[in-house]
Structure formats: structure tokens, C-alpha cells
Amino acid sequence: MRVKDLPIADRPRERLLASGAAALADRELLALLLGHGTRESDAVDLAAQLIAHCGDLGELARSDAHRLLAVRGVGPAKAARIAAAFHLVRRAQEGPARARVTSSGDLASQAAPLLRGHPRERLVVVICDPRGSVLRRALMTEGGADHTSAPIREIITTVLTSGGAAFGVAHNHPSGSLDPSESDLATTQRLADAADTVGLRFLDHVIVTDTAWRRIPLPPQPEGR
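Caption draft 1: A look at the overall build of the chain. Scanning the chain from terminus to terminus reveals nine helices and five strands. Ordered by position from the N terminus, the helices and strands of the chain form the series α-α-α-α-α-α-α-β-β-α-β-α-β-β. At 28 Å, the chain has a C-alpha radius of gyration far larger than the 17 Å of a compact globule built from 225 residues. Its C-alpha atoms put the chain at 85 × 35 × 35 Å along the principal axes. When burial is assessed residue by residue, the chain has 37% of its 225 residues classed as buried.

What follows is the structure in C-alpha cells.
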């Protein structure tokens, strides 16, 4: 029976629209890419032949267009359409390479777009996986012209709920000064201590201005600590 002779509710396109792609068999999904079959085989039968020709769906996905032309009823247009569809899937799975934080400069670069040009102080957290790949950048607070709060508990919670293993923080100084305040130094220590308590890696704390950045060092530790 040809696809067009099936009841409308049983046709692959209508079933996909009604129930989603997961409701269709591999050959039915492939038939939608083919569009139509031949006089001898409808689109679903032709799709099944293509899968059998390559061995399985995985091999079909890795085949180039020229290999598909060996199946009777598959011309250049159909072969190109299928090869293009599977290649798009591979591109989508690869995705763009994630930025990585491997230095204080990387942290400043990641945070800068959320900080530069703003007249109020902001605090940003950059959340990373174990290898330093950036998972998320989050604006945590926005305060006045010369101060913003650093909610330690909220920062740690945000990192954990984002699936992070490491994080760094950055804030801006609208005045253009790169000198850390006593509060900045204390916040850096508190963040490092909080990260250590829950098993996170604290990367760094940097000040970002419109033209430069500076790392805030951890205060010297008392001997024996």
C-alpha cells in the first residue's frame, strides 16, 4: 500500500505533527526526508531499502551522498537531502567550542561584557566545569556607584545548582580605580573559604574597569593555618 493510500491519521507526516517524531519508526522519519518514493516502492519502502543498503541507521548517518545513489530510486536530490540532514545533526551535537577560564585574564574577559560601561557596581559569577569550560555567566548583584553586595551563600548556591565545579567572580569599579577595598579583600577570602567547604574550586576574584582589570589576591594566611 502506498503512503498516500493510507488513512490520513496513519501517514508519517500527520503522525509526526500529531504525536511528535518519537512516535515514528526510523524508516518513517527517513521517508519524510525522501519526500516520495518510486513507481515500485513508496517512500517508506524506499527508506527501508536505504537503511538496509547501508547496514543500519548509524551507517546511513555516516554515509556520503554518493553511496546512497546506489539505491534504485534515490537520485542526487534525495541523496543530497539525506546527507545534509545527518550532517546538520552532527554539527548540532558538536556545537560551538566553549570558552575556558585558565587564568585571571580569561575570567576578566568572560565577565567584562556584563560589567563595562555600567555606572553602578555589579558583581558577576562565572561558572565552570572541572576543565574550566564556561557553563554560565550570571549577574548576582547591582548596587551603587561605589559598592555592591557579595551574597556568599547565593553565589555558592548558584554555582551548585548550575552544575558547576569551579567559579570565579568579578566586579566593576565605575570610578576606574583598580585598587581593591578592604571589603573586596574580605569578600575574596570568604568566597575561597565557602568554596572549600562545599568542594568547589574558587578560581579568582577580579576588578574590571572600562579599560583594564586587576586580580584581587587572597590575604596572607596566618602561620599554621
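Caption draft 2: A look at the side chain of H171. By the secondary structure assignment, H171 is in strand β3 (residues 166–172). For H171, a relative accessible area of 2% translates into the label buried. Here the side chain of H171 touches D184 through a polar contact of 3.3 Å, side chain to side chain. Within the local environment of H171, its side chain forms a polar contact with the side chain of H205, the two groups lying 3.0 Å apart. If sequence neighbours within four positions are ignored, H171 has contacts with L115, E121, R122, L123, D184, H205, V206, I207, V208 and I216.

Caption draft 3: Seen up close, the pattern of salt bridges. Taken as a whole, this structure holds seven salt bridges when the rule is applied. With a closest N to O distance of 2.5 Å, R15 and E28 form a salt bridge. Of this pair, R15 sits in helix α1 (residues 12–19) while E28 sits in helix α2 (residues 26–34), placing them 13 residues apart in sequence. Since its relative accessible area comes to 22%, R15 is described here as partly exposed. Across the salt bridge formed by E59 and R67, the nearest N and O atoms sit 3.7 Å from each other. Exposure remark for R67: the relative accessible area of 33% places this residue in the partly exposed category. A single network of salt bridges, built from pairs that share partners, joins E59, R62 and R67.

Caption draft 4: Layout of the packing of α2 against helix α3 (residues 43–54). Direction vectors running N to C along α2 and α3 enclose 110°, while the axes themselves pass 8 Å from each other. Regarding the angle of α2 to α3, the classification is roughly perpendicular. Side by side, α2 and α3 meet where D26, R27, L30, A31 and L34 of the first sit next to A43, V44, L46, A47, A48, L50 and I51 of the second. For the contact of α2 with α3, a count of residues per class yields 10 nonpolar, no polar and two charged.

About the criteria used
- Every residue gets a number counted from 1 within its own chain, in the order that chain's sequence is written.
- Local features are withheld for residues below a pLDDT of 70 in this predicted model, meaning they are given only at 70 or higher, and side-chain atom pairs are given and counted only at 80 or more; totals for whole chains, interfaces and linings count all residues.
- Think of the side-chain values as coming from all heavy atoms in the structure, minus any hydrogens and water.
- What counts as a helix is a DSSP run of H or I of at least four residues, what counts as a strand is a run of E of at least two, and both are numbered from the N terminus.
- Only C-alpha atoms enter the radius of gyration; for comparison, a globular chain is expected to reach 2.2 Å times N to the power 0.38, where N is the number of residues.
- Residue exposure (1.4 Å probe, protein chains only): buried if accessible area is under 20% of the type maximum, exposed if over 50%, otherwise partly exposed.
- Throughout this description, a polar contact denotes any pair of N or O atoms lying within 3.5 Å of each other; where both atoms belong to protein, one of them has to be capable of donating a hydrogen while the other can accept it, and for residues adjacent in sequence the pair is counted only when both atoms sit in side chains.
- Any two residues whose heavy atoms approach within 4.5 Å at even a single point are treated as in contact.
- Salt bridges, as used here, are contacts in which a Lys or Arg side-chain nitrogen is within 4 Å of a carboxyl oxygen on Asp or Glu.
- All axes here are fitted lines through C-alpha atoms, helices being fitted over the stretch that makes contact, and every angle between N-to-C directions spans 0 to 180 degrees.
- Relative orientations are named as follows: roughly parallel for angles under 35 degrees, roughly antiparallel for angles over 145 degrees, roughly perpendicular for angles from 65 to 115 degrees, and oblique for any other angle.
- Residues were grouped as follows: Ala, Val, Leu, Ile, Met, Phe, Trp, Tyr, Cys and Pro as nonpolar; Asp, Glu, Lys and Arg as charged; and all remaining residues, including Gly, as polar.

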